[in-house]
Amino acid sequence: MKGLPKMRRVLYIFIACIMMFTLAACGGGSSSEEGSTQQENSQDGTGSAVAEDALVVYFSATGNTESVAEAIAETQGAELYEIVPEDPYTDEDLDYNNSSSRTTAEQNDENARPTISGEIENIDDYDVIYVGFPIWWNDMPRIMYTFFDTYDFSGKTIAPFCTSGGSGISGAVSNIEELEPSATVTEGLRTNPSDAEGDIAEWLESIGLVQQEG
């Protein structure tokens, strides 16, 4: 009889250890389940990681850049925003062979900043900004300078892309780097609507923004 209290203490300790182990196991299972749920929520129906916090911004005078912008937005699961000039460009404005046309005058004026209609109210929500435009006189249109002057891109990644009949995008990329020294500017993409699908896939992989299979 004298040994009975001691046996009870041992039994109580044993039961307490079992309860602690059971609670720890339940907690670990909950964390694992939560992590699995978070992973599923970050994927789309194909098992590819959804490109969160990404925005595709584009200016398109004839529709070519718009087509490429839509393809990138669809591929990356990104939001889409069109830069619309307050004073729309007419066919006469876009006459590159006319030395007196509006586009010629703007591109020859480094201080030209055509006004944009509307604004992006939540640009701070995006970490990656894909920026598209046609190439005019080996550079991006002056309205794109208005765009870069308007917003703060510090700490963001800017991925430029363009449509062009022959001129490259390297000059425009260099100018973006000068305009946004606090942002990370990736290698640019030059393409056209007919080649966009393959070009976009290669470009995204080269700049490290391709979606990974889950």
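Since the model is a prediction, treat every value here as computed from it, not as a measurement.

Colleague: Please provide a residue-by-residue account of the overall build of the protein chain, values included.
Modeller: Along the backbone of the protein chain there are 6 helices and 8 strands. Starting at the N terminus and walking to the C terminus, you meet the elements of the protein chain as α-β-α-β-β-α-β-β-α-β-α-β-β-α. Counting every position in the protein chain, which comprises 214 residues, the buried fraction comes to 37%. Here the analysis covers contacts within the protein chain between residues at least 6 apart in sequence; of these, 72% occur between residues at least 24 apart.

Colleague: An account of the pairing of strand β6 (residues 157-163) is needed here, citing residue identities and associated values.
Modeller: Within a regular strand, the side chains alternate between the two sheet faces. By the criterion of burial, β6 is predominantly enclosed, with 6 of the 7 residues buried. Read as a crossover between parallel neighbours, the route from strand β5 (residues 128-134) over helix α4 (residues 142-150) to β6 is right-handed. The pairing of β6 with strand β7 (residues 184-185) spans 2 bridges and is classified as parallel. By the bridge assignment for β7, Ile-158 is matched with Val-185. Note that β6 and strand β8 (residues 189-191) share 3 bridges and pair parallel. Bridge assignment links Cys-162 to a residue of β8, and that residue is Arg-190.

Colleague: How would you sum up the side chain of Thr-186? Please name residues and give values.
Modeller: Position of Thr-186 relative to the elements: it lies in the loop between β7 and β8. Those residues in contact with Thr-186 that sit more than four places away from it in its chain are Thr-157, Ile-158, Ala-159, Pro-160, Val-173, Trp-203 and Ile-207.

Colleague: Give a description of the pattern of salt bridges that names residues and reports values.
Modeller: Taken as a whole and judged by the stated rule, the model has 4 salt bridges. Salt-bridge contacts for Asp-87 lead to Arg-102; the nearest nitrogen and oxygen are separated by 3.7 Å. Within this pair, whereas Asp-87 is found in the loop between β3 (84-85) and α3 (102-107), its partner Arg-102 is found in helix α3, the two being separated by 15 residues in sequence. A salt bridge links Arg-113 to Asp-149, with the nearest nitrogen and oxygen atoms 2.8 Å apart. In this pair, Arg-113 sits in the loop between α3 and β4 (116-117) while Asp-149 sits in helix α4, placing the two residues 36 residues apart along the sequence. Judged by relative accessible area, which is 33%, Arg-113 ranks as partly exposed. Overall, Asp-149 belongs to the partly exposed group, its relative accessible area being 48%. By sharing partners, the salt bridges in this structure join Asp-87, Asp-93, Arg-102 and Glu-106 into a single network.

Colleague: Which residues make up the pairing of strand β2 (residues 79-82), and what values do they have?
Modeller: Where strand β1 (residues 54-58) and β2 come together, 4 bridges link them in parallel fashion. Bridged to Val-56 within β2 is Leu-80. Note that the unit made of β1, helix α2 (residues 64-76) and β2 has a crossover that is right-handed.

Colleague: Pulling in residues and values, what's your account of unusual backbone geometry?
Modeller: A positive phi is found at Trp-137, a non-glycine position, where the angle reads about 50°. Here Trp-137 shows up in the loop between β5 and α4. Here Trp-137 falls in the partly exposed class, since its relative accessible area comes to 35%. Phi at Asn-138 takes a positive value of approximately 65°, unusual for a residue other than glycine. Here Asn-138 falls in the exposed class, since its relative accessible area comes to 53%.

Colleague: Can you tell me about the environment of Cys-162, naming the residues and giving the values?
Modeller: By the secondary structure assignment, Cys-162 is in strand β6. Along the primary structure Cys-162 and Asp-139 are separated by 23 residues, whereas in three dimensions their C-alpha atoms are 10.0 Å apart.

Colleague: Give a detailed account of the confidence of the model for the protein chain, specifying residues and quantitative values.
Modeller: On average, residues of the protein chain carry a pLDDT of 82, and 74% of them reach 70 or more. Overall, residues 1-51 carries pLDDT values under 50, and its contacts beyond four positions in sequence, including any with other chains, amount to 22 contacts.

The rules behind each value
- Residues numbered from 1 in each chain as written.
- Predicted model: local features only at pLDDT ≥ 70, side-chain atom pairs only at ≥ 80, totals over all residues.
- Heavy atoms only, no water.
- Helix = DSSP H or I, 4+ residues; strand = E, 2+ residues; numbered from the N terminus.
- Buried < 20%, exposed > 50% of the residue type's maximum accessible area, 1.4 Å probe, protein only.
- Contact = heavy atoms within 4.5 Å.
- Right-handed = clockwise from strand over helix to strand, strands pointing away.
- Pairing = 2+ DSSP bridges.
- Salt bridge = Lys/Arg side-chain N within 4 Å of Asp/Glu carboxyl O.
- pLDDT = per-residue confidence, 0-100.

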